[in-house]
Amino acid sequence: MRIGVIGGGISGISAAKVALSLGHEVLLIEKEEKLGGLMSRIANCRVGFQTFYDEIKNEPGLKILTGKTITNAERKKDSFLLCLESGEILEVERIVLATGFGVCEPEMKGKRILSSLDYDRIIDQKNEKLPEDFKRVAFVLCVGSRCKDFPLCSAACCSYTLRQIKWTYMRTHPEITVFYNDLRFFGQEFFLEKALREWGVRFLRTSSRSFEEDETGVKVRYYAGGAIKEERFDYLVLTNALRP
C-alpha cells in the first residue's frame, strides 16, 4: 500500500516510520524546504529530530518531497489524487494528515520582550556566550491561550517553560520568575517543577500584568496578594501558545 503523509515534522516522520515498519511505501510531502517543523526551530530538539529521522531516511520505500504545497485532494474509488501547486498529480491509497499546529506569536515583542522561540535562540548551545546582563529573567505563561480569543489550554507551554529553565540552568543561574494563570504538568514534570522551586525559581500566580520595555530591561506590574506590585527584569519571555 502506498501511503501519503502530509507534513514533515516529528508527527509526519513518526507516521512514516510506523508505515514503513509495516511494509508500506510512504510518500511524505512537506511544504517547507527542510523537514523538522517546529522541532527544527527548538535548539535542544534539533539533534533529537535528526537522530529520529536518520533511522528511516535511507529506507527504499520512502520518498520525500520538500517545498511542495498541496492545493487539492480528490478521492477516487480506491485511492486519492493529490494535486500540487506545480501542477503535478500524485496518487496514494491512504492519507495521513500530520500538518502539526500553529504557533501564536505575541504581538508585544522587542529587544528584551521575547517569545519562547526567541529565547530559545539565546540559550542555544551553539552560542558560546550569553548576554552579560542575563541576571533576572521572567516567563509569562498562557500567552495566546486561556483568553477570550482562544480559551483552551495549549497543554505544552508549561512543560516547555520548565525545560527552557532547566536548559538555562545548565549554562548559567539567573534569578527566574514564572508568572502563570494555571500550571499543567504531566508525569515527571511535577518532580522537575519541585526541583526548580528548590533551586530558587519563583512561581507567581497572577492573571493581571502589564509590561514596559526600555533599553536596560522590562518593568512588570502585576496584581498579587491584594495589591499591585512592580518589578524589573533584564528579559521577559512570553510563552508561545499552540493552536490547531
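What counts as what
- Residue positions within a chain follow its written sequence, with the count starting from 1.
- It should be noted that, the model being predicted, local features are given only for residues of pLDDT at least 70 and side-chain atom pairs only at 80 or more, the latter also being counted only at that level, while totals for whole chains, interfaces and linings use all residues.
- Side-chain numbers come from the whole structure's heavy atoms, not from hydrogens or water.
- Two strands qualify as a pair provided DSSP detects at least 2 bridges between them.
- Numbering of helices and strands starts at the N terminus; helices are DSSP runs of H or I of at least 4 residues and strands are runs of E of at least 2.
- Axes here refer to lines fitted to C-alpha atoms; in helices the fit is confined to the stretch in contact. Angles between the N-to-C directions go from 0 to 180 degrees.
- In what follows, a contact means two residues having at least one pair of non-hydrogen atoms within 4.5 Å.
- A side-chain nitrogen of Lys or Arg and a carboxyl oxygen of Asp or Glu constitute a salt bridge if their distance falls within 4 Å.
- Only protein chains enter the calculation, and the probe is 1.4 Å; a residue is then buried if its accessible area is under 20% of its type maximum, exposed if over 50%, and partly exposed in between.
- Multiply 1.5 Å by the residue count of a helix minus one, and that product is the helix's expected span.

Strand order in the open sheet made by the four strands is β3-β2-β1-β7, with parallel pairing throughout. Two strands lie at the open edges of the sheet, namely β3 (62–66) and β7 (94–97), each paired on one side alone. Neighbour-to-neighbour, the strand axes of the sheet open up by a mean angle of 20°, direction not taken into account. Relative to β3, strand β2 (residues 25–30) runs parallel, the two being bridged by five bridges. Looking across to β3, one finds that Glu30 is bridged to Thr66. Sheet strands touched by helix α1 (residues 10–21): β1 (2–6), β2, β3 and β7. Its angle to β2, the strand with the most contacts, is close to 170°.

Moving on to the pattern of salt bridges. The final tally for this structure, using the stated rule, is 16 salt bridges. A salt bridge links Asp182 to Arg205, with the nearest nitrogen and oxygen atoms 2.3 Å apart. Taken as a pair, Asp182 in the loop between β11 (175–180) and α5 (189–198) and Arg205 in strand β12 (residues 202–205) lie far apart in primary sequence, 23 residues in all. With relative accessibility at 54%, the residue Arg205 sits in the exposed group. Between Glu198 and Lys194 there is a salt bridge, with the nearest N and O atoms lying 2.6 Å from each other. Here the residue Glu198 and the residue Lys194 both occupy positions in helix α5, the gap between them amounting to four residues, near one helical turn. When salt bridges that share partners are traced, they join Arg136, Glu175, Arg202 and Glu231 into one network.

Between its first and last C-alpha atoms helix α4 (residues 157–169) spans 18 Å; for 13 residues at 1.5 Å apiece the expected length is 18 Å, and the two agree. Here α4 lies mainly inside the structure; eleven of its 13 residues are buried. Buried residues of α4: Cys157, Cys158, Ser159, Tyr160, Thr161, Leu162, Gln164, Ile165, Trp167, Thr168 and Tyr169, and no others. Contacts made by the buried residues of α4 are with α3 (116–123), β10 (136–143), β11, α5, β12 and β16 (235–243).

As a further point, take the pairing of β1. For β1, the tally of buried residues reaches four of five residues, placing the bulk of the element in the interior. Sheet analysis places β1 next to β2, joined by five bridges and oriented parallel. Pairing of Ile6 across the sheet is with Ile29, part of β2. Judged from the four bridges that link them, β1 and β7 form a sheet pairing that is parallel. The residue of β7 that forms the bridge with Gly4 is Ile95.

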